[in-house]
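Secondary and tertiary structure notes
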Amino acid sequence: DNQAVIDACETVCLSVRPQVAEEVLRGLTFREDLTVVSFIPAYTAPILEGLLGPVRKIVRMIPLPASARCLGPVLIFPRDKEVESTFGGIGTIIAAEDADQFHALWATTSMLAPYFGLLGSVANWLRDRGVPAEAADSYVAAMFHSIADTGLQVRGEGFDEMAVDHATPGGLNEQMLRELTRAGCYDNVSRGLSLIFERLNGRAGLEDTIGD
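Please read these numbers as outputs of a predicted model, since none were measured by experiment. (Residues numbered from 1 in each chain as written. Predicted model: local features only at pLDDT ≥ 70, side-chain atom pairs only at ≥ 80, totals over all residues. Heavy atoms only, no water.)

Before going further, it helps to spend a moment on the overall build of the protein. For the protein, the count of helices and strands is 10 helices and five strands. Over its C-alpha atoms the protein spans a radius of gyration of 21 Å, topping by over 25% the 17 Å that the globule rule assigns to 212 residues. Projecting the C-alpha coordinates of the protein onto the three principal axes gives extents of approximately 65 × 40 × 35 Å. Burial analysis of the protein (212 residues in total) assigns 26% to the buried set. Surface summary for the protein: the accessible area is close to 13,900 Å², and the carbon and sulfur share equals 57%. Between the centroid of the 17 positive side chains of the protein and the centroid of its 29 negative side chains there is a distance of 1 Å. (Helix = DSSP H or I, 4+ residues; strand = E, 2+ residues; numbered from the N terminus. Rg over C-alpha atoms; globule rule 2.2 N^0.38 Å. Buried < 20%, exposed > 50% of the residue type's maximum accessible area, 1.4 Å probe, protein only. Areas by Shrake-Rupley, 256 points an atom, 1.4 Å probe, with all protein chains shown as cover. Lys, Arg positive; Asp, Glu negative; His and termini not counted. Charge placed at Lys NZ, Arg CZ, Asp CG, Glu CD.)

Negative charge collects at one region of the surface, where Glu 157, Asp 160, Glu 161 and Asp 165 lie side by side. As for its placement among the helices and strands, Glu 157 is situated in the loop between helix H7 (133-151) and helix H8 (159-166). Using a relative accessible area of 67% as the deciding quantity, one classes Glu 157 as exposed. (Patch = residues over 30% accessible without salt bridge, like charges linked within 9 Å, V, L, I, M, F, W, Y side chains within 5 Å. Salt bridge = Lys/Arg side-chain N within 4 Å of Asp/Glu carboxyl O.)

For the pair helix H6 (residues 112-128) and H7, the least separation of the axes is 9 Å and the interaxial angle reads 135 degrees. Taken as axis vectors, H6 and H7 run oblique relative to one another. Helix-helix and strand crossings are classified by hand; for H6 and H7 the assignment is right-handed. Counting all contacts with H6, which are made through Tyr 115, Leu 118, Leu 119, Val 122, Ala 123, Leu 126 and Arg 127, the residues of H7 involved are Ala 133, Ala 136, Asp 137, Val 140 and Phe 144. Residues of the contact of H6 with H7, tallied by class, amount to 10 nonpolar, no polar and two charged. (Axes fitted to C-alpha atoms, helices over the stretch in contact; angles between N-to-C directions. Parallel < 35°, antiparallel > 145°, perpendicular 65-115°, else oblique. Left-handed = near helix turned anticlockwise from the far one by under 90°. Contact = heavy atoms within 4.5 Å. Nonpolar A, V, L, I, M, F, W, Y, C, P; charged D, E, K, R; others polar.)

Considering every residue of the protein, the mean pLDDT works out to 93; 100% of them sit at 70 or more. Element-level mean pLDDT values for the protein span from 89 in helix H3 (residues 45-52) up to 97 in H6. (pLDDT = per-residue confidence, 0-100.)

Burial along strand E1 (residues 11-14) is one-sided: the face carrying Val 12 and Leu 14 is buried and the face carrying Thr 11 and Cys 13 is not. Pairing geometry for E1 and strand E2 (residues 35-38), over four bridges, is parallel. Residue pairing across strands places Cys 13 opposite Val 37, the latter belonging to E2. Chirality of the crossover, the property in question, places the unit of E1, helix H2 (residues 18-25) and E2 among those that are right-handed. (Pairing = 2+ DSSP bridges. Right-handed = clockwise from strand over helix to strand, strands pointing away.)

Between helix H5 (residues 99-107) and helix H10 (residues 185-200), the shortest axis-to-axis distance is 9 Å and the interhelical angle comes to 130 degrees. Taken together, the axes of H5 and H10 lie oblique to each other. When the axes of H5 and H10 are compared, the crossing they make is right-handed. Where H5 abuts H10, its residues Asp 100, His 103, Ala 104, Trp 106 and Ala 107 lie against Leu 193, Ile 196, Phe 197 and Leu 200.

Glancing now at the nonpolar core. In this structure, Leu 14, Leu 25, Phe 30, Val 36 and Leu 52 are the most contacted members of the largest nonpolar core, which totals 16 residues. Looking at this core, the elements that each hand over two or more residues are E1, H2 and H3. In terms of residue count, H3 provides more of this core than any other element does, three residues in total. Sequence-distant contacts of Val 36, that is, excluding residues within four places in its chain, are made with Val 12, Leu 14, Phe 30, Leu 52, Val 55, Lys 57, Ile 58 and Val 59. (Core = buried A, V, L, I, M, F, W, Y, C linked by side-chain atoms within 4.5 Å.)

This is the structure we're talking about:
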């Protein structure tokens, strides 16, 4: 059972759902010398400290679904060489310097579903114009995959500079970038991330919106 696992280990990973985490953890005893790595969303350090008792080393970690394929960032806080070495193979370890930075980086993980929503809107637009669904999905997936791969080459002034580099004067990308900017698309992304950041810090909830 869970207690037997804890008693036999030096490092314990917590990956239960937040809805049942307190019920599960309150019935367990943790040793002071354990390293506890928590994957539980929204469970801050004070909450974990209250549930884990004497444990001296608690590391919060946020792997993403793509970690199953050893891709993407793996956010941790605080920095810990042992934990980074253990989990470094499942993605790119990004260690936050403080809690605010941890929550800011964590907030950006809310962009997974909106990203696929964007791909879906492009693919659906193609379908509406007679492109077969399989061809539309394959084309959009391959195009955005190439864009994401190019993004790994970010240098200098960052992604703003890359946007300019890809917006040929008088071209299609310049026009689309202009129209989305004018429509407030990117401002709303920033406002949405700020809302998620506030929620992670306990100052907003699911019912709040960027229009509040």
